[in-house]
Amino acid sequence: MSRTVIGLEITEEFVRAVEVRTGRVPTVLASGFVRLAPDVARDSEVLDEESVAIAVRQLWAQAGFKSRNVILGIGSRRILVREYTTQAMRPDLLRQALPFQVQDLLPVPVDQAVIDFYPATEANGQVSGLLVAAVAETVEGLISTLGKAKVNVDQVDLLPFGLARLSTALAEPGETVAMVHITDHTTYVVVTLDGVPRFVRIIPISVPTSTLRARDAAAEQEGDGIVDEFHEMLQPAMANGAPALTRAAMRVGNAPASAPEPEIADLITRVGSTLQFANARPDATSVRTVHISGSGLAIPGVHAAFAQSLGVRVMPVNINALVKSKHPIEGEFALDAVGTLSIVFGEGI
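Residue numbers here run from 1 along each chain, matching the order of that chain's written sequence. Note on the predicted model: pLDDT of at least 70 is required for a residue's local features to be given, and 80 or more for side-chain atom pairs to be given and counted; whole-chain, interface and lining totals, by contrast, use all residues. Side-chain metrics rest on all non-hydrogen atoms present in the structure, leaving aside hydrogens and water.

**Concerning the packing of aromatic side chains**
The description of an aromatic ring pair rests on the distance of the ring centres and on the angle between the ring planes. Put simply, the test is: Each pair of aromatic rings taken from Phe, Tyr and Trp, with Trp reduced to its six-membered ring, is defined by centres within 6.5 Å and is described as stacked if the planes are under 30 degrees apart, edge-to-face if over 60, and tilted in the remaining cases. A run of DSSP states H or I qualifies as a helix once it reaches four residues; a run of E qualifies as a strand once it reaches two. Both are numbered from the N-terminal end. The cut-offs for exposure are 20% and 50% of the maximum accessible area for each residue type, with area from a 1.4 Å probe on protein chains only; residues under the lower value are buried, those over the upper are exposed, and the others partly exposed. In this scheme, Lys NZ or Arg CZ marks a charge over a ring once it lies within 6 Å of the ring centre and within 35 degrees of the ring normal.
A full pass over the atoms with the stated rule returns six aromatic pairs. Ring centres of Phe14 and Phe33 lie 5.3 Å apart, and the angle between their planes is 85 degrees; this geometry places the pair in the edge-to-face category. Residue Phe14 is found in strand β2 (residues 14–21), and its partner Phe33 is found in strand β3 (residues 27–35); the two are separated by 19 residues along the sequence. Relative accessible area serves as the criterion here: at 7%, Phe14 is assigned to the buried category. Judged by its relative accessible area of 6%, Phe33 falls in the buried class. The structure contains a cluster of three or more aromatic residues connected by ring pairs, namely Phe14, Phe33 and Phe333. Its end group placed over the ring of Phe14, Arg35 keeps NZ or CZ at 5.9 Å from the ring centre.

Set out below in structure tokens:
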């Protein structure tokens, strides 16, 4: 029996959401984004609850979502994700014991943290997996903000875990792959085997996406009409839930470039070192394919630069390759929406 589920993200630049009808043929029923004003949010952290709540209400009005219940995806530099091994026990007992076991590993007191554990392997009475810890106040702020917009959070999920589940639609059974999701200010790297995350790294780095280029240009030339022009470009997207950015923006990500921009070169180095570390771990199988998504993929030369530097197969991913859609999903939103979709992937999809 099919149902609908909505994944929602709050980033520094946007509020994004995707509503999917589950079933034999998963279909995006509605999707959209609203641009946030400067300094009202960071990735998965609200700085101005009222401003973000207004943007969420605007998104619901424009996109026409049929539900107000969401799964909230989070991911930022302030979320701890690290490998952890403990004694194997029943899941309920592990949940009770975990706060006492990991309190010395946390950046905040255990009573101020939201803690989860994602088991990956079990052997010799030990279970190994990924420990996740977020500041409770930050998560509560997100939920409170959405409550002001009359949106209810059914579940909070780590975005890299969603990307790991999503990898099952892209990888062969038994194949170790990496998902690299490049957004305006944060890049997520997830090494996964059969949908189970084996290694996660969240890289805080701003890259020159068209969103940030337009923002910087508007800031430098305020009063020359650039701000109005940028909003006019985005306005059709706000009206129908699909971005007005052209398909050319999708193609330009594969264009060759003589040398990547400094931020991209830095990012490639970090991703490369991450994969080398993950490949060198005990019992690890080497990553042979990297699936790249996110608005950073639309930056000229990015695809070619990653493929040349990493020395593995690099495959671009947009949401249209993963699910059907009742309305066109185009431009950079089709790349960023891969992350938003991943939040609900596995929820009956």
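Read on, since the account is not over.
**Here's the deal with the packing of helix α1 (residues 49–63) against helix α3 (residues 136–148)**
Pairs of packed helices are described in terms of their axes, by the angle between the two and the distance that separates them. Put simply, the rule reads: The axes are straight lines fitted to the C-alpha atoms, using for helices just the contacting stretch, and the angles between their N-to-C directions are given from 0 to 180°. Each angle is binned into one of four classes, with values under 35 degrees roughly parallel, values over 145 roughly antiparallel, values of 65 to 115 roughly perpendicular, and all other values oblique. Here is the rule for handedness: rotate from the far helix to the near one, and if that takes an anticlockwise turn smaller than a right angle the crossing is left-handed, while a clockwise turn gives right-handed. The contact definition used throughout considers only heavy atoms, calling two residues in contact when any of these lie within 4.5 Å. Here the nonpolar group is Ala, Val, Leu, Ile, Met, Phe, Trp, Tyr, Cys and Pro; Asp, Glu, Lys and Arg are the charged ones; every other residue, Gly included, is treated as polar.
Two elements in contact, α1 and α3, have axes whose closest approach is 8 Å; the angle formed by their N-to-C orientations is 55 degrees. As far as their axial angle goes, α3 and α1 are oblique. Crossing geometry of α1 relative to α3 is assigned as right-handed. Residues Glu49, Glu50, Val52, Ala53, Val56 and Arg57 of α1 form the contact with α3, whose own contacting residues are Gly141, Ser144, Thr145, Leu146 and Lys148. Residue classes in the contact of α1 with α3 are distributed as four nonpolar, three polar and four charged.

**Topic: helix α5 (residues 210–220)**
Cut-off, in case you're wondering: By definition, the arc is the one covered by directions from the helix axis to the C-beta atoms.
Buried within α5 are the following residues: Thr211, Leu212, Ala214 and Ala218. The arc that holds every buried residue of α5, seen down its axis, measures 160 degrees, which confines them to one face.

**Remarks on the pattern of salt bridges**
As a reminder, the rule being used: Whenever a carboxyl oxygen of Asp or Glu lies within 4 Å of a side-chain nitrogen of Lys or Arg, that contact is scored as a salt bridge.
Following the criterion strictly, the structure yields 15 salt bridges and no others. The salt bridge partner of Asp336 is Arg16, with a shortest N-O separation of 3.5 Å. Within this pair, whereas Asp336 is found in helix α10 (residues 331–344), its partner Arg16 is found in strand β2, the two being separated by 320 residues in sequence. For the pair shown, Asp336 and Arg16 are each scored as buried.

**As for the side chain of Glu9**
Our working rule: Any N or O atom pair separated by 3.5 Å or less is treated as a polar contact, with the protein-specific requirement of one donor-capable and one acceptor-capable atom, and with residues adjacent in sequence counted only for side-chain atom pairs.
Assignment of secondary structure puts Glu9 in strand β1 (residues 4–10). Using a relative accessible area of 5% as the deciding quantity, one classes Glu9 as buried. Within the local environment of Glu9, its side chain forms a polar contact with the side chain of Thr340, the two groups lying 2.6 Å apart. Those residues within four positions of Glu9 in sequence are excluded, and the remaining contacts are Phe14, Val15, Arg16, Gly73, Leu159, Asp336, Gly339, Thr340 and Ile343.

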